[in-house]
Amino acid sequence: MTAAGPVAATGPADDPYGTAALRSAVLAAWAASPARFREDANAEEDLARGGYRDRVLVELAQNAADAAARSGERGRLLLRLADDGLVAANTGVPLDRAGVEALSALRASAKRDHDPLSTAGRFGVGFAAVRAVADEVRVASGAGAVGWSLAATRAAVADVPALAGEVARRGDALPVLRLPAPAVATVPDGYATAVFLPLRDGAAEALVRSLLAALGDALLLSLPALSEVVVEADGVRRVLSAEPDGDDVVIRDDDRATRWRRVSARGPLDASLLSDRPVEERARAVWAVTVAVPVDEADRPTPLPEDLPRMLHAPTPTDEPLSLPALVIASVPLEPTRRRSAPGPLRDFVLDRAGDAYAGLVAGLPADRTVLDLVPPALAVEPVDARIGAAALERLSTAPWLLAARSSEGRSGEPPDDPPGDRLRPDTAVTVPAARGASRPAVLAEVVADLVDPAWWGHPALRRLGVAELDLAEVLDVLASRQAAPAWWRGLYAALDGADPEALAGLPVPLADGRVVRGARGTFLPSNGLPLPPEAARLLGLRLVDPAAAHVLLARLGADEADPGRLLGAPSVVAAVAAAGPDDDLETLAASVLGLVAAGAARAQEHPWLAELPLRDADGEPAPAGELVLPGSAAAQVFDPEAAVPVAADLVSRWGVEVLTRVGVLATFGLLRDADVPLDGTAEHDLDDEASWVDDVRRGLPLDTVPPVLAELAAVRDLDVVRADAWPQALRMLEADPALRAAVVGPAFALVAGRRVAVPTYAGWWIARHARLDARPPNTLRAADSDQALAGLYDAVELPGVSAALLAAVGVRTALGPELAADLVARLADPEHEVSAVSLVRLLVAVAGADPEAVPPPEAVRVPDGDRTRVVPASDAVVVDAPYWLQLDLPAPLPLPASAAPAVADLLDLPMASEVVDAAPPPGDHAAVPTSVSGLLPAAPRDYVEHDELLVAGREVDWWVHGGEVHAATLEGLARGLAWVAGRWDARFAVAEVLRDPARGPALAAEELWSPS
């Protein structure tokens, strides 16, 4: 692009602006001082390439605004991009001679004497921005046209020899705008002045296009003297316009319209603020600020347009970044580049005024939470931004503009219209963040002064404004002293439902008895049909919520439903029963607790403390329920009347058997249950002789560094109050009740070193040691149907209706087993008992597996004596494990099966015969066993050792077995030896007959088919 826009070539122009004189003066100055030429060239180049490199449109718009302001009318600006360059045409006062002189000078504005509040230009350097895009400039106005060009400047200085060297050195970087000349150009219709810029090259065109595209609302807002900017490029026409509307201005960009809310302020400057400013700037002793934000149809602020520069305007954009969500225009002092503000007291003063204006704008907007988005951020890196923000925050913190909470709502459920003046100062306002989630937190306004509308709570701007955050607990402290009807409290709970539950922990709660307590936890919500009047609730320490105040919020905060089971579990009820004394109203206490028990299903097993409830006995005296019995019950028949007194008859009539037994009145034995009971002596359950039982259990368990634990304790109570003569009936009672029977029979398990070990139940242990059957301990008796081998050692007891398992659990002997070892050994040593030889062997075999360490060595033992037995000193007895030993002259042999003999010898601390007798037989002749024997004894050896006379331990015997060989001196001895070695001792007589008559072998073998194998 090389030519300007619509220029009429009308021939050589006159010189209406006196440009010849200006040129002559400048050229003379340069000729006289080449340094002056160099200075002007450097200054113009600095502006074009530096501070004004991208400000050509802004500076042209600023000149248009100043021309409009001087005319007293709002101006219009045309920016037209065509093939021949850029045209900027404006209305207003036309260019005059002084204006041309100013355009041709540096830092000598022609606007010095104009109204400083109506003109934007003030430095006299803005026109230099055209040099960033053009080497030729023409301006047409009312008096004619004037131009400047690089070519004209080069031609003019070519005749000045003193400048030749500098011109050659600078190339195209010459001071073009110092040498005006008449030009030919015309102004577009409808405008007063036009600037024509033939663009230098493609880069200049690209820059202009980008600047045209970036024009937006900010230009018209910062230059209020302009009402319209028309942009024409590439056949497309774009119109931006600004129309004041009260305090607002509506900016239209073609079809888009944005309403801006503005606050402007201006005033004189104190001379002290200008003392460090240049002379001509000191003459402009006024300040002005404007702050604007876009608003919607409801006057709520909306975000800034994306294309709006987030910079301070002064009035055109600077390079001072702003974080405020608003357009801020302030007459701050600027550095020569007009890009940055000049620090100092003047700048601080104007920025503070901008902060005040910003605060005024925010405070003046309608009360809506979106206004909080305009509160300045807490941190600002740049000093200008920080200064405005701090001033705005200070003002906003003390101005009444936050919406106050309303405790009541309109009929529609929406907040009522906000009355004038219903605004709060942030520095005195409060919020209650913990109540933010409540359904209607504004109800707190009834007790909290200066409460901000809850819709505004949670916005981070409130903290920056200094709004106090009350802890909900503090509010609840105030509420606690409020005198209000229960229904009011219910409304409060409905309003606070949804708030932070932890913060509501101390919520006041009115009770049915008139008290007000803090905290829902531990209170009970009313339940239909609850058998508990308020006076009873007070006696039991129960906190029953007033029915008119009950709300689901209380349940969410820990209040329980007032059903009988939960009430009985309340600590206060337990404490009331435990603390009951003779001076208390025991009748009301008993009736209250019994009423709850009757309404629910609680039992003393679940609430052991119920057994402590004082009830009247048959004599009218108070006694714990657990020490009373029901008249005519099984318990009354077996318990000692001195220890278990009948309960008063009228209580039975009023409450019935079931309710009284639930609280522990005895109709049968009581049952105690507990889990994970440490067997270290620390657990106590008020069981008779419990410590001794624990000691006995511990003695029977493996040692471990960690004390054993009983997995579950199920103990029958009240065993110690059974009459001595009533145990047969008592055992039948235990048998008849499955739970009681299980507590006696067991099993019970202790956890030891990670293993479960069976241990005796408490009830079984106690009965075995303390009960009496026929005036004798149970462990001295045997069941009538027990093994008859026990008959000579234990007297029989017959208990119809009592199972063998229960009898065994309480110590009555019902079967043979290792567990009887210690007692059997002791009883066998007593000569008063009658025991057959067969029973003796069976008894000893039965206890062979017992632990020898658990059986004290006896001083006397029982040995066979024919088919009977006798008692001998243990030192005379010897255990024999084979029948051939009986051929020796042993003083007191104790014959036992080979499988049990060693264990019994160890158990009784007796020697085996082989240990005390040298029983090796002499050598003999080997002979074959007759084949006729094989039919009877397939396992018999094939040969044996034959003796004419067999001596063992100095005594003649018929047979012997040594080293697995049979030694025999007689036919009967051979038969016995073969039968013993073959494992068929029962066949010895048949073998002897076959040896005497081999022909009978087959017949006897056939008969042996019926013998045990």
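Structure: see above.
Everything numeric in this text was worked out from a predicted model, so none of it was measured.

### A short note on the sheet that holds strand S31 (residues 755-759)
What the four strands build is an open sheet, ordered S28-S29-S30-S31; its pairing is antiparallel. At either margin of the open sheet sits one strand with a lone partner, and together these are strand S28 (671-678) and S31. Across this sheet, the average inter-strand angle for adjacent strands is 25°, counted without regard to direction.

### Section: unusual backbone geometry
For residues besides glycine, phi is generally negative; the peptide bonds are generally trans as well. Across the junction of alanine 314 and proline 315, the peptide omega takes the value -5°, indicating a cis bond. Examined against the element boundaries, proline 315 turns out to sit in the loop between strand S12 (311-313) and strand S13 (317-321). Residue proline 747 is bonded to the preceding glycine 746 through a cis peptide linkage, with omega at 10°. By secondary structure assignment, the location of proline 747 is in the loop between helix H24 (738-745) and strand S30 (748-752). Located in the positive-phi region is aspartate 234, a residue other than glycine, with phi close to 55°. The class for aspartate 234 is exposed, based on a relative accessible area of 56%.

### Some points on the sheet that holds strand S42 (residues 959-962)
Spatially, S38-S39-S43-S42 is the arrangement adopted by the four strands of the open sheet, whose pairing is mixed. The open sheet has two edge strands, strand S38 (925-928) and S42, and neither has a second partner. Strand-to-strand, the axes of this sheet are offset by a mean angle of 35°, without reference to chain direction. One ladder, built from four bridges, connects S42 with strand S43 (residues 965-968); its direction is antiparallel. Considered in S43, the bridge of tryptophan 960 is made with histidine 967.

### Things to note about the packing of aromatic side chains
Tallying each qualifying case throughout the model produces 15 aromatic pairs. With a centroid separation of 4.7 Å and 55° between ring planes, the pair formed by tyrosine 884 and tryptophan 960 is classed as tilted. A residue pair is termed long-range when its members are at least 10 positions apart, and tyrosine 884 in the loop between strand S36 (877-880) and strand S37 (892-895) and tryptophan 960 in strand S42 qualify at 76 residues. Both residues of the pair, tyrosine 884 and tryptophan 960, belong to the buried class. Relative to tryptophan 960, the ring of tryptophan 885 lies with its centre 5.2 Å away and its plane at 70°, an arrangement referred to as edge-to-face.

Criteria and cut-off values
- Residues numbered from 1 in each chain as written.
- Predicted model: local features only at pLDDT ≥ 70, side-chain atom pairs only at ≥ 80, totals over all residues.
- Heavy atoms only, no water.
- Pairing = 2+ DSSP bridges.
- Helix = DSSP H or I, 4+ residues; strand = E, 2+ residues; numbered from the N terminus.
- Axes fitted to C-alpha atoms, helices over the stretch in contact; angles between N-to-C directions.
- Buried < 20%, exposed > 50% of the residue type's maximum accessible area, 1.4 Å probe, protein only.
- Phe/Tyr/Trp six-rings, centres within 6.5 Å; stacked < 30°, edge-to-face > 60°.

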